[in-house]
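Here is what each chain is made of, one letter per residue.
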Amino acid sequence: MLPNTGKLAGCTVFITGASRGIGKAIALKAAKDGANIVIAAKTTQAHPKLPGTIYTAAEEIKAAGGKALPCIVDVRNEEQISSAVEKAVEKFGGIDILVNNASAISLTNTLETPTKKVDLMMNVNTRGTYLTSKACIPYLKKSKIAHILNLSPPLNLNPLWFKQHCAYTIAKYGMSMCVLGMAEEFKGEIAVNALWPKTAIHTAAMDMLGGSGIESQCRKVDIIADAAYCIFKKPKSFTGNFIIDENILKEEGIKNFDVYAFTPGHPLLPDFFLDEQPAIVTKKADSYGAVPELKEEKTQPPPKPRSGAVEETFRILKDSLTDDVVKATQAVYQFELLGEDGGTWFLDLKNKGGNIGHGEPSDQADVVMSMSTDDFVKMFSGKIKPTVAFMSGKLKIKGNMALAIKLEKLMNQMNSKL
């Protein structure tokens, strides 16, 4: 991992959403240099599934060698942002670095995204980033370091990244457009850049989204912290860049990325919004059995599934059911399958003993999955990763996303039988 150089000693770093996850990891990295950290987050009491508050983060920052100022900030509230900035300047004398990390996510399509969720994502991601930047800029202009770093993706207008979660993409791209505009507006005064991970990063939020066990397919937050640290060391002239964590660390001479993996050697989930080289992305996705719809091409029709493959898959599923599986899952799944052997099927992992059958379930489904019969069989035999299938449009999901991804555990148990 990247060693600390002490270059951030005495610098004041204002980080939104720094009570846990990526924000806290960046804070701790800077704290090891002796930096002053403003923890601008709204968590004052620990959530059962999202541990960490602004106060526990402050204690960790102090223990790491930094100074901490915990501030209650919901980035949707302009007054709270302004108050935190004033407190930071009063306590530390200025602001040298701003990290816009606070973010809200809902991976739902247009008809499945409530207005409340749309407003949350737009107000936290885009508006929150804009307002926090606006409040910090007068002080950043006085700094010799002067960096704004947004945790947001490259602006990739491939429709693939809009079709499944249009509102989330717009909200995240709003953060990236702040980079594009502010980098030019404050050129020579403030470096404004974006940082995005090449692969999924494991956080408590990722556990909620993907279920327990997802960490084996993720990297640790340390890789983002190290990449951010590289950026902070750059001069003000390094601006307007959309940086991928792995790329900048390679430039720093990092060769062993296993140190960032939870399970070295295990395949990693690719992150959203990245397809700089469509041929390579297509090839990687194809290895999972899913081809992103990158452009209109004449392709050979997919081979038909083997006769009775769906029925056989459900038979094996039925044999795999146990009370423990049902107790651990607690969800009813409905499958809308197109193709031979298709139709409507259900998998009840909520009621005692579980149940499987053709047709709609007796209880309302928590999750409805739509896909081809061929892809369904491949998914349950481990040839397609559900997340890749979803990202590439092969799998459409309605309902509870966390419960949808929870099904992956059962699939892994079945791989040896199919």
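For the structure, see preceding data.
Residues numbered from 1 in each chain as written. Predicted model: local features only at pLDDT ≥ 70, side-chain atom pairs only at ≥ 80, totals over all residues. Heavy atoms only, no water.

Colleague: Pulling in residues and values, what's your account of the environment of Lys378?
Modeller: Mapped onto the elements, Lys378 comes out in helix H13 (residues 373-380). The exposure class of Lys378 is partly exposed, given its relative accessible area of 26%. C-alpha separation for the pair Lys378 and Ala309, spaced 69 residues apart in sequence, amounts to 10.0 Å. What Lys378 contacts, discounting residues up to four positions off in sequence, is Lys383 and Ile384. (Helix = DSSP H or I, 4+ residues; strand = E, 2+ residues; numbered from the N terminus. Buried < 20%, exposed > 50% of the residue type's maximum accessible area, 1.4 Å probe, protein only. Contact = heavy atoms within 4.5 Å.)

Colleague: Before we move on, can you summarise the packing of helix H4 (residues 115-140) against helix H6 (residues 166-185) with the specific residues and values?
Modeller: Two elements in contact, H4 and H6, have axes whose closest approach is 7 Å; the angle formed by their N-to-C orientations is 15 degrees. In this view, H4 runs roughly parallel relative to H6, as classed from their interaxial angle. Helix-helix and strand crossings are classified by hand; for H4 and H6 the assignment is right-handed. The segment H4 lies against H6, with Val118, Met121, Met122, Asn125, Thr126, Thr129, Tyr130, Ser133 and Ile137 engaging Ala167, Tyr168, Ile170, Ala171, Lys172, Gly174, Met175, Cys178 and Met182. For the contact of H4 with H6, the class distribution of residues is 12 nonpolar, 5 polar and 1 charged. (Axes fitted to C-alpha atoms, helices over the stretch in contact; angles between N-to-C directions. Parallel < 35°, antiparallel > 145°, perpendicular 65-115°, else oblique. Left-handed = near helix turned anticlockwise from the far one by under 90°. Nonpolar A, V, L, I, M, F, W, Y, C, P; charged D, E, K, R; others polar.)

Colleague: Give me the side chain of Ser143: which residues, what numbers.
Modeller: Structurally, Ser143 is set in the loop between H4 and strand S5 (147-150). With a relative accessible area of 6%, Ser143 lands in the buried category. Here the side chain of Ser143 touches Ile145 through a polar contact of 3.0 Å, landing on its backbone nitrogen. Every residue in contact with Ser143, bar those within four places of it in the chain, is listed here: Ile95, Asp96 and Lys236. (Polar contact = N/O pair within 3.5 Å; in protein donor to acceptor, adjacent residues only side chain to side chain.)

Colleague: Tell me about the environment of Ala183, and name the residues and values.
Modeller: Here Ala183 shows up in helix H6. Between the C-alpha atom of Ala183 and that of Phe238, which follows or precedes it by 55 residues, the distance is 9.5 Å. In contact with Ala183, other than residues within four places in its own chain, are Cys178, Val192, Thr239 and Gly240.

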